[in-house]
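# Chain and residue survey
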Number of protein chains: 2
Amino acid sequence: MQKGKSHVSLKDIAREIGVSISTVSRALNNHPDISPEVTRKVQKLAAELNYTPNPLAMGLLKQATRMIGVIVPDLVTHFYSSIISGIEDIAEQKGYYILIASSNETLQKEIKAVENLMKTRVEGLIVCLSQETKNYDHFNRLINTNIPLVFFDRVCRTDEVSSVVVDNVDAAQKITRHFYKNGFRRIAYIAGPDHLNISQERTRGYISGLKSCGLEFHPELLVKCNLSSKDAIKATAQLLNLPERPDAIFGINDTVAFAAMKEIKRQGFRIPEDVALVGFTDEFHSTVVDPALTSITHPTFEIGQEAARLFFRCVENPEAKATQVILNTKLVIRKSSVK
Amino acid sequence: MQKGKSHVSLKDIAREIGVSISTVSRALNNHPDISPEVTRKVQKLAAELNYTPNPLAMGLLKQATRMIGVIVPDLVTHFYSSIISGIEDIAEQKGYYILIASSNETLQKEIKAVENLMKTRVEGLIVCLSQETKNYDHFNRLINTNIPLVFFDRVCRTDEVSSVVVDNVDAAQKITRHFYKNGFRRIAYIAGPDHLNISQERTRGYISGLKSCGLEFHPELLVKCNLSSKDAIKATAQLLNLPERPDAIFGINDTVAFAAMKEIKRQGFRIPEDVALVGFTDEFHSTVVDPALTSITHPTFEIGQEAARLFFRCVENPEAKATQVILNTKLVIRKSSVK
DNA sequence: TATTATAGTGCAAAGGTTTGCGCAAAGGTT
DNA sequence: AACCTTTGCGCAAACCTTTGCACTATAATA
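What counts and how
- Residues numbered from 1 in each chain as written.
- Chains lettered and ligands numbered in written order.
- Predicted model: local features only at pLDDT ≥ 70, side-chain atom pairs only at ≥ 80, totals over all residues.
- Heavy atoms only, no water.
- Helix = DSSP H or I, 4+ residues; strand = E, 2+ residues; numbered from the N terminus.
- Near = heavy atom within 4 Å.
- Polar contact = N/O pair within 3.5 Å; in protein donor to acceptor, adjacent residues only side chain to side chain.
- Axes fitted to C-alpha atoms, helices over the stretch in contact; angles between N-to-C directions.
- Parallel < 35°, antiparallel > 145°, perpendicular 65-115°, else oblique.
- Left-handed = near helix turned anticlockwise from the far one by under 90°.
- Contact = heavy atoms within 4.5 Å.
- Nonpolar A, V, L, I, M, F, W, Y, C, P; charged D, E, K, R; others polar.
- Phe/Tyr/Trp six-rings, centres within 6.5 Å; stacked < 30°, edge-to-face > 60°.
- Buried < 20%, exposed > 50% of the residue type's maximum accessible area, 1.4 Å probe, protein only.
- Buried area = accessible area lost by both parts, 1.4 Å probe.
- Salt bridge = Lys/Arg side-chain N within 4 Å of Asp/Glu carboxyl O.
- Least-squares fit on C-alpha atoms with pLDDT ≥ 70 in both.
- Pairing = 2+ DSSP bridges.
- Right-handed = clockwise from strand over helix to strand, strands pointing away.
- Core = buried A, V, L, I, M, F, W, Y, C linked by side-chain atoms within 4.5 Å.

Looking along the chain, the bond that leaves isoleucine 271 of chain B and enters proline 272 of chain B is cis, with omega of 5°. Looking at where proline 272 of chain B falls in the secondary structure, it is placed in the loop between helix 11 (254-266) and strand 9 (276-281). For arginine 157 of chain A, which is not glycine, the phi torsion reads 45° and is therefore positive. Phi is positive for asparagine 50 of chain B, close to 65°, though the residue is something other than glycine. Tracing the backbone shows asparagine 50 of chain B in the loop between helix 3 (36-49) and helix 4 (55-62).

Below, the structure written as structure tokens:
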């Protein structure tokens, strides 16, 4: 077979049967105007030839590509891939496809991704901001022209743009209280960059959690890192080297918690006897490490599903106001935080 | 702003300047027929209005969507996401986008994914077979109509379809020899399903590796599993319960190796003192577990790149014969296999 | 029988882009 | 003055689909 034969069009069917293209189109759509006999013949041949409507032609005609652009900080983290699966789940039900782009945690690539996806005429975007993103101008065009846009996890402009997040304040409180209940008193927290909502919120939860336990907040126990492994190790070392060492640490996410675990072990401390550790992560890694890591699990699949649902709400009702969906997390207690 | 204003077309520019659509098109493509003055005006306005050619229209016209379909067994494994990054890297350079689908390791979803992606008129497919796939009929249409198709890692029909794999035989030999050099003599292997090329090849390497070390092949030291964690644990238990316990185990992949690690620890054996362990995996997880896992690292990003390169060879030269790219692996020695 | 309703089709436009060809005006050559 | 060449542009077709409208028969009614 040669090139060009790979897809049949209405024209091919029309020529074969000897009717017009419009008749074929109507026959396939069971239009009542078409005689039963023609309809039958057309449908039979279409099935035989494996006809499927050309989405390009449809897209052009209907001005709708049935594509969603998804931008994540990276693809290799379980957290994001799992969320993508959730998005895909809902998208598939609606007959939509998703086009995935990764920002690699840089603003520059995020901007490029927005541009590129818009070029492909996706109908809208579902985005988790990169770690670097403090300026949100690249979303202006979408917001102004009312193109569907949904943020998740790391969000911004929540009054204009729908978003789905977890209750970070509550989650951080849960961790602090869990530490307290298990006898830990010098509870440290390795945070992320200030401009990220997740970092701010967890910090708030950490501090209010301390208060609700009757503990004082010691600023030296709150350290920041840029979410890289290397920086997290430095932050951990900083905590461990304090004159009065913390007896419990919680890290803002996977990478940070694992890095902390490595550094704690490297310095010869035992987990949880000397230093307890809790992560903020998803279900997979935590059970692989030793000791198994207590952590906040995100409902990642659900986050994706909710984001997709919000997206379709935008598509179907462009005038709808921005909504924020807040999902709950669960503290899964494992060995790393229980003496 | 209202819907429909979100993208400008040649028509918009033409109307504004007062020339025909074709003139605008040519001006933007720097066609010599167009006067410098008109060209300048058109290009200026196009830039101002943020014009980008509509890919749907182009796709329809050129019968080329600049889209590649990628099917992987799952998205949440680092191995695949990293390969996807490699594919993306090359695709981006060529101005192509990729559409990702996951088979969830089932044949049924794989077939569906092929269908769906073909419906969207991707120009071709890059595929890693699902674990279940023994029948390859769903690729017939692609092969017969000469639609670009490339397999990676888990491959089939290598005489008709280009593919990229790692040298599995060599890798398994390396592991066996490494065990031998470090004083292990009862070397066991947890394999996968027989119909997968990767399983077969690694088994071959395991056996020939044993021979090259002057060790005898004991059939009871070769057990199979279906690549699930649960099954791998069962397989590990089976090995550990042998009257003559193996002193070294290698698992066919990540999941298996981690499961084995858990089970070995659970039974109270020390790694590597009682049982050494080597995995077949990529760089990330291995350093997180304790003890750090010796393993074969795949050049995942490169696998993706090579697959994409093969793909474009198919696109640019549809008559080219199928080629097989074989990449080398590296044995990264960590604590789990050195006494 | 003449008129009208109805069933069953086809035409053409629209969506956006490229490109072969035609056409007009201007300039150049005998 | 008559012809040819060049320059610069527009028309229309093609890619594929849907759909309002027009059209042709045939059947039904007056």
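Still more to cover.
On to the protein's contact with DNA strand C, then. With respect to spatial proximity, 28 residues lie near DNA strand C, and among them Thr23 and Arg26 of chain A together with Leu10, Ser25 and Tyr51 of chain B are the closest. One nitrogen or oxygen atom from the main chain of serine 35 of chain A is found 3.0 Å from a phosphate oxygen belonging to DNA strand C. One nitrogen or oxygen atom from the side chain of lysine 11 of chain B is found 2.8 Å from a phosphate oxygen belonging to DNA strand C. The set of elements that each furnish at least two residues to the surface near DNA strand C consists of helix 2 (21-28) and helix 4 (55-62) of chain A together with helix 1 (10-17), helix 2 (21-28) and helix 4 of chain B.

Turning next to the packing of helix 5 (residues 78-93) of chain B against helix 13 (residues 300-316) of chain B. Two quantities define a packed helix pair, namely the angle between the helix axes and the distance between the axes. Residues and elements named next belong to chain B. At their nearest, the axes of helix 5 and helix 13 sit 6 Å apart, and the two run at 45° to each other. By the angle between their directions, the pair helix 5 and helix 13 is classed as oblique. For helix 5 against helix 13, the interelement crossing comes out right-handed. Counting all contacts with helix 5, which are made through Phe79, Ser82, Ile83, Ser85, Gly86, Ile87, Asp89, Ile90 and Ala91, the residues of helix 13 involved are Thr300, Phe301, Ile303, Gly304, Gln305, Ala308, Arg309 and Phe312. A class-by-class count of the residues in the contact of helix 5 with helix 13 yields nine nonpolar, six polar and two charged.

Residues and elements named next belong to chain B. This structure, assessed with the given rule, holds 18 aromatic pairs over all chains. Ring geometry for phenylalanine 179 versus phenylalanine 184: centroids 5.8 Å apart, planes at 80°, classification edge-to-face. On the basis of an interplanar angle of 45° and a centroid distance of 5.2 Å, the ring pair of tyrosine 189 and tyrosine 206 is categorised as tilted. Of the two residues, tyrosine 189 sits in strand 6 (residues 187-191) while tyrosine 206 sits in helix 9 (residues 197-212), which places them 17 residues apart along the sequence. Each member of the pair, tyrosine 189 as well as tyrosine 206, is classed as buried.

So, about the interface of chain B and chain A. Quoted interface sizes are often the accessible area lost when the parts come together. Taken together, the contact between chain B and chain A spans 45 residues of the former and 46 residues of the latter. Between chain B and chain A, a total of about 4500 Å² is buried, with carbon and sulfur atoms accounting for 63% of that surface. Across the contact surface, chain B and chain A share two salt bridges. Residue aspartate 290 of chain B pairs with lysine 265 of chain A through a salt bridge whose shortest N-O separation is 3.5 Å. Inspection of the chain B/chain A interface yields six residue pairs in polar contact (both at pLDDT 80 or more). When residues of the side of chain B that touches chain A are traced back to their parent elements, those giving at least two are helix 4, helix 5, strand 2 (97-102), helix 6 (107-119), helix 7 (140-144), helix 11 and helix 12 (283-286) of chain B.

This next bit is on the packing of helix 2 of chain B against helix 3 of chain B. All names here are of chain B. Their axes nearest at 9 Å, the elements helix 2 and helix 3 cross at an angle of 85°. Between helix 2 and helix 3, the angle is such that the two are roughly perpendicular. Taking contact as the criterion, the partners of Thr23, Val24, Ala27 and Leu28 in helix 2 are, on helix 3, Val38, Thr39, Val42, Gln43 and Ala46. Class assignment for the residues of the contact of helix 2 with helix 3 results in six nonpolar, three polar and no charged.

The two copies are related by a screw motion: chain B maps onto chain A through a turn of 180° and a shift of 0.0 Å along the axis, at an RMSD of 0.2 Å. Viewed as a symmetry operation, the transformation between the two copies matches a two-fold axis.

Residue and element names in this part refer to chain B. The buried count for strand 6 comes to five of five residues, which makes it a mostly enclosed element. With burial as the criterion, each face of strand 6 is covered, one bearing Ile187, Tyr189 and Ala191 and the other bearing Ala188 and Ile190. In this structure, strand 6 lies alongside strand 8 (residues 248-251), joined through four bridges in parallel fashion. Residue isoleucine 187 lies in a different strand from strand 8, and its bridge partner there is alanine 248. One ladder, built from three bridges, connects strand 6 with strand 7 (residues 222-224); its direction is parallel. Bridging from a neighbouring strand, tyrosine 189 pairs with leucine 222 of strand 7. Tracing the backbone out of strand 6, into helix 9 and back to the parallel element strand 7 gives a crossover that is right-handed.

Moving on to the nonpolar core. Soluble, globular proteins show a tendency: their nonpolar side chains are buried together. Ile68, Ile126 and Phe152 of chain A together with Ile68, Ile126 and Phe152 of chain B are the most contacted members of the largest nonpolar core, which has 57 residues in total. In this structure, isoleucine 126 of chain A is in contact with Ile68, Gly69, Val70, Ile71, Ile87, Val150, Phe152, Ala307, Ala308 and Phe311 of chain A, ignoring residues within four places of it in sequence.

It is worth spelling out the sheet that holds strand 10 (residues 294-297) of chain B at this point. All names here are of chain B. Pairing is mixed in the open sheet, where six strands are placed in the order 7-6-8-9-10-12. The sheet terminates laterally at strand 7 and strand 12 (330-332), the two strands that pair on one side only. Between one strand axis and the next, the sheet turns through 20° on average, direction left out of account. Where helix 8 (residues 168-181) meets the sheet, it contacts strand 6, strand 8, strand 9, strand 10 and strand 12, and its direction lies at approximately 160° from that of strand 9. Packing against the sheet, helix 9 makes contact with strand 6, strand 7, strand 8 and strand 9, and its axis sits at approximately 170° to strand 6.

By themselves, these figures tell us nothing about what the structure is for.
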